[in-house]
Each structure stands twice: as C-alpha cells, then as structure tokens.
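Here is how the chains run, residue by residue.
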Amino acid sequence: MACLDGVFLFANGLKIASGGWLPLTMGSILVALMVTWTKGTQILSEKSRRDSVSLTDLVEMLKKRPPHRVQGTAIFLTSDADVAPVALMHNLKHNKVLHEKNIILTVRTTGVPRVQESDRVSIEVLTEDFKKITLSYGFMESPNLPRAMGLCRKLGLKFDIMATSFFLGRRSVVPSANSGMPLWQDRLFIFLMKNATNPTEFFHIPPGRVVELGTQVTV
C-alpha cells in the first residue's frame, strides 16, 4: 500500500513544474495565515489571563472598597467570562467609576448552523450589581447584540437600552522577538488583526453607545 502511495505521489510530483506549484503555493499561504492567527490569539489569551484579575475576586474587592457609582448599565464584552474584562479594569483605574448595573457579556459560536431562540441566552447572577450573560450563535448566524438584549429583557433582566453603554477592550499589538513566534509571524498577525472586522460592526452595536478602552500587548 505504501509503495502504491509513493508511486502516486511521484507521478503527481512531476506536475509541479508545469503548473502544480500554484495550488501548492496558495494552500501554503492559507495554512500559514490560519496557523499564525490561531497561535497569535492563543498567545494573547494566555498573556491576558496571566495579567488579569478573577472576576469573583474583583467583585469581592469592590464590596470592601466601593468606587463612585454612576447611573445606567455597562455591558463589557469579553471572550473569557471568568476574568475581569480589560475594559472594566481600565474604567475603574482611569475613570474611577462603576455603573449601577454591570453585565459581563460573552458571545460564543456553537458547532451547529443555527441556535434556537430559546437556547440563545444564558444568565448567571453574581450579585445585584454584576451579572454574566452568554449568547450562543450557530456558525451560520450573524450575532446581533441589541436584538439579543431584547431577549434578555423578556427573561427578566431590566435595563434601559438608551442608558446602556457597551465597553470594548481594544488591544494595540506590537511585535516582540521573545513572544514565541518568529518576527515575520508577529508582523503577519498584527496585519491580520488590523484588517479584522470591527466588533461594533460585527455585533451590530449602535456606534453611539460604544466606549473603547485600549491597552498595548506584545506578541
């Protein structure tokens, strides 16, 4: 069997010089892009988790030393609901305020094409001030946060959408020779991040309700 596979591979290898190099080159470029994106996002996630504070620990600290409170609802988007979002930490550090109601929002993509509306929203109450919400979408669906928040209101989560702000953490990525990836791969990952879809557009968030707080990270 291995002998037949070797003959087949050798016969097809003769076609490389006469045009077969083109699909091989295109395939190699696509593989390099996917590997770079996957590895880069893993590095960013690991660094963010190392430098972050557990959300439960933060809630307990805020009980002991409550900051100045402002009216309204703040929704913090994050990919890891177990740690305090970067935007929340920056809001506390620089603005020194905490909203009356705070929602830690995570959007996850499932392995099915579409998710039933009844399974879309999962709500976990941490305290009266903090709640975790997980929105589930199929891989063929386009997330729409304002519509999903309407479902949350039907489930008993009361808030005024006109007094709600969406906080996004924007990371400014810079290359580093000691990141775990070669320098060319660092630059490729930064290029991919700059050309990725804007979260405001991707999640269909009203631009006038978005606050972006940035931080610098090396890869």
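Structure: see above.
About the criteria used
Residues numbered from 1 in each chain as written. Predicted model: local features only at pLDDT ≥ 70, side-chain atom pairs only at ≥ 80, totals over all residues. Heavy atoms only, no water. Buried < 20%, exposed > 50% of the residue type's maximum accessible area, 1.4 Å probe, protein only. Helix = DSSP H or I, 4+ residues; strand = E, 2+ residues; numbered from the N terminus. Pairing = 2+ DSSP bridges. Salt bridge = Lys/Arg side-chain N within 4 Å of Asp/Glu carboxyl O.

A few points about the pairing of strand E4 (residues 130-137)
Of all eight residues in E4, seven are buried; the element is thus mostly enclosed. Across eight bridges, strand E2 (residues 97-109) lies against E4 in parallel orientation. Within E4, the position partnered with threonine 106 by the bridge is threonine 134. Bridge analysis of strand E3 (residues 121-125) against E4 gives five bridges, and the strand direction is antiparallel. Bridging across to E4, valine 121 finds its partner in leucine 135.

Let's talk about the pattern of salt bridges
Counted under the stated rule, the structure contains five salt bridges. Of the charged contacts, one joins aspartate 129 and arginine 69 as a salt bridge, the two residues approaching to 3.4 Å between their closest N and O atoms. You can see aspartate 129 sitting in the loop between E3 and E4 and its partner arginine 69 sitting in strand E1 (residues 68-77), a full 60 residues away along the chain. According to the relative accessible area criterion, aspartate 129 is partly exposed, its value standing at 28%. With relative accessibility at 33%, the residue arginine 69 sits in the partly exposed group. One salt bridge connects glutamate 117 with arginine 120, and the closest N-O pair in it is separated by 2.7 Å. Accessibility expressed as a relative area gives 5% for arginine 120, which makes it buried.

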